[in-house]
Structures are given as C-alpha cells and as structure tokens.
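Survey of secondary and tertiary structure
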Amino acid sequence: MTFQHQTILPSIKNGKGLDRFLESTYEFGVVLDSQIAQIPSFVKAANRVNKKLFIHVDLIQGLKNDEHAAEFLCQLVKPAGLISTRAAVIAKAKQKGIYAIQRLFLLDSNAVEKTCEVIKKVQPDFIEVLPGIIPSMIREIKETTGIPVFAGGLIRTVNDVNEAIEAGAIAVTTSKVELWDHYS
C-alpha cells in the first residue's frame, strides 16, 4: 500500500528543492525548513502545476506552532495538510478538513507511550514516525494506533525505504533526491 500511489513523499528544504519537486512526477510533497514568507508562494507554485504540499508547522521560522498558526495556514495558505508534533495543530487541521499528520519521535518508550495517548484522542489522518529506520517500531505504532504511518528521518538508501514499507509504512518522507529519482 502507498500514499496516493507514492512510495516517496519528497521533503523540500529550500527553493531549489521546491523546483526539483515541481519538475518531478510526484503529486504530494512535504515542506520542511522554511520561513513564513516563503510558504504562500511555495503552495501557490505547487497548486499551479496540480501538486499538493504538506507544511511542517513546527519548522516554519517566524511562526509559532500552535492552533492560531494552523488557523492562519488553513485559511490563507490552504496547503494539502499540516505536520506537527503539537496536538492543537493536528486538531485544527482536522477541523479545517485538510490532512493532519502527527509527527512522532521515537526517543524512548515513555515518549512513544505519551504520544500514542495523544494520537488516540486527536486521531490524525497519518503518523510520521522518526527515525524511520526502525521497522519494528513502524509496525508497532501502526498496530497500536490503527493509523497509517509515514516513515521519515535517517532514510538514506533504497533498502531503508523498502524495509520501512515492508514494516507497514505507506510512504517514506525524504529529502534525498536520489531516492526521489529511484521511486519516481
């Protein structure tokens, strides 16, 4: 199973990465590190060529990662979805009818347990598990929550991607252009 027929969700870190994504065959991408002033133009550029962007709210410089930021992004920027570690951002995205992706860092068992409790309450559309190179945890998170999983972070090789997919991830987020090319 894949996300919208994509094994890879290209992760974009700058304008050059955006240009590469816009020229690719991928429909969905993820904006990582960015500045608040860049976000509207990134989304407009993607929309012009029938592509959709998920915006990582926690990584936007100049914008706080809270429900007010999510409201602003949903109403004025209108991305395909929002990614965040914050439950309030996820709840706002769901309320506004766009994709809500809860980011989960696999720091230790306690962090995973607490985040899974939040996930059960908020019910995001997807969970992004980081780092995505731990197949047993991808499997466990998917089974525990029943929510589709994206794998991201430290994905460096085709083998890493394949292991994440075999473990149950529906897609892999990566900024490695070599992997974009391999799976396009």
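Report follows, based on the coordinates.

Parameters at a glance
Residues numbered from 1 in each chain as written. Predicted model: local features only at pLDDT ≥ 70, side-chain atom pairs only at ≥ 80, totals over all residues. Heavy atoms only, no water. Helix = DSSP H or I, 4+ residues; strand = E, 2+ residues; numbered from the N terminus. Rg over C-alpha atoms; globule rule 2.2 N^0.38 Å. Buried < 20%, exposed > 50% of the residue type's maximum accessible area, 1.4 Å probe, protein only. Contact = heavy atoms within 4.5 Å. Phe/Tyr/Trp six-rings, centres within 6.5 Å; stacked < 30°, edge-to-face > 60°. Pairing = 2+ DSSP bridges. Right-handed = clockwise from strand over helix to strand, strands pointing away. Axes fitted to C-alpha atoms, helices over the stretch in contact; angles between N-to-C directions. Parallel < 35°, antiparallel > 145°, perpendicular 65-115°, else oblique. Left-handed = near helix turned anticlockwise from the far one by under 90°. Expected span 1.5 Å × (residues − 1). Arc of directions from axis to C-beta.

Thoughts on the overall build of the protein chain
Per the secondary structure count, the protein chain includes 8 helices and 10 strands. For the protein chain, whose C-alpha radius of gyration is 15 Å, the value lies close to the compact-globule estimate of 16 Å for 184 residues. A principal-axis box enclosing the C-alpha atoms of the protein chain has dimensions of 40 × 35 × 25 Å. When the 184 residues of the protein chain are sorted by exposure, 50% land in the buried category. Relative to all contacts within the protein chain whose residues are 6 or more apart in sequence, the contacts with residues 24 or more apart total 52%.

Quick notes on the packing of aromatic side chains
By the definition in use, this model includes 11 aromatic pairs. Ring centres of phenylalanine 3 and phenylalanine 54 lie 5.8 Å apart, and the angle between their planes is 50 degrees; this geometry places the pair in the tilted category. With phenylalanine 3 in the segment before strand 1 (8–12) and phenylalanine 54 in strand 4 (residues 52–56), this residue pair connects regions lying 51 residues apart in the sequence. Ring centres of phenylalanine 3 and tyrosine 99 lie 5.7 Å apart, and the angle between their planes is 75 degrees; on these two criteria the pair is classed as edge-to-face. Residue phenylalanine 3 is located in the segment before strand 1, and its partner tyrosine 99 is located in strand 7 (residues 99–105); the two are separated by 96 residues in the primary sequence. Residue classification places phenylalanine 3 among the buried residues on the basis of a relative accessible area of 4%. Clustering of aromatic rings is evident, with ring pairs tying together Phe3, Phe28, Phe54, Tyr99, Phe126 and Phe150.

So, the pairing of strand 6 (residues 81–84)
In strand 6, alternate side chains face the same way, and those of Gly81 and Ile83 on one face and Leu82 and Ser84 on the other are all buried. Pairing of strand 4 with strand 6 involves 3 bridges; the strand directions are parallel. Opposite isoleucine 55, over in strand 6, you have leucine 82 as the bridge partner. Of the crossover connections in this fold, the one passing from strand 6 over helix 4 (residues 87–95) to the parallel strand 7 is right-handed.

Quick notes on the packing of helix 3 (residues 67–77) against helix 4
At a closest axis distance of 8 Å, the pairing of helix 3 and helix 4 adopts a crossing angle of 30 degrees. Comparing their axes, helix 4 and helix 3 come out roughly parallel. The two elements helix 3 and helix 4 cross, and the hand of that crossing is right-handed. Mapping the contact onto sequence places Glu67, Ala70, Glu71 and Cys74 in helix 3 and Ala88, Val89, Lys92 and Ala93 in helix 4.

Structural notes on the sheet that holds strand 1
Overall, parallel pairing links the 8 strands, which are arranged 1-2-4-6-7-8-9-10 in a closed barrel. Averaged over all pairs of adjacent strands, the angle between strand axes in this sheet comes to 25 degrees, irrespective of strand direction. One ladder, built from 4 bridges, connects strand 9 (residues 149–152) with strand 10 (residues 169–174); its direction is parallel. Residue valine 149 lies in a different strand from strand 10, and its bridge partner there is alanine 169. The sheet strands contacting helix 6 (residues 135–145) are strand 7, strand 8 (126–130), strand 9 and strand 10, and the helix crosses strand 9 at an angle near 155 degrees.

Considerations on unusual backbone geometry
Leucine 130 connects to proline 131 through a cis peptide bond whose omega is -5 degrees. Examined against the element boundaries, proline 131 turns out to sit in the loop between strand 8 and helix 6. The backbone of asparagine 50 shows a phi angle near 60 degrees, a positive value even though the residue is not glycine. Mapped onto the secondary structure, asparagine 50 falls in the loop between helix 2 (38–48) and strand 4.

Some thoughts on helix 5 (residues 109–122)
The terminal C-alpha atoms of helix 5 lie 20 Å apart, and with 14 residues this matches the ideal 20 Å at 1.5 Å per residue to within 8%. By the burial criterion, the buried members of helix 5 are Ala111, Val112, Thr115, Cys116, Ile119 and Val122. On an axial view of helix 5, the arc spanned by its buried residues comes to 130 degrees, and they lie on one face. Of the residues in helix 5, the exposed ones pointing more than 90 degrees away from the buried face are Ser109, Glu113 and Lys121. Lining the buried residues of helix 5 we find helix 4, strand 7, strand 8 and helix 6.

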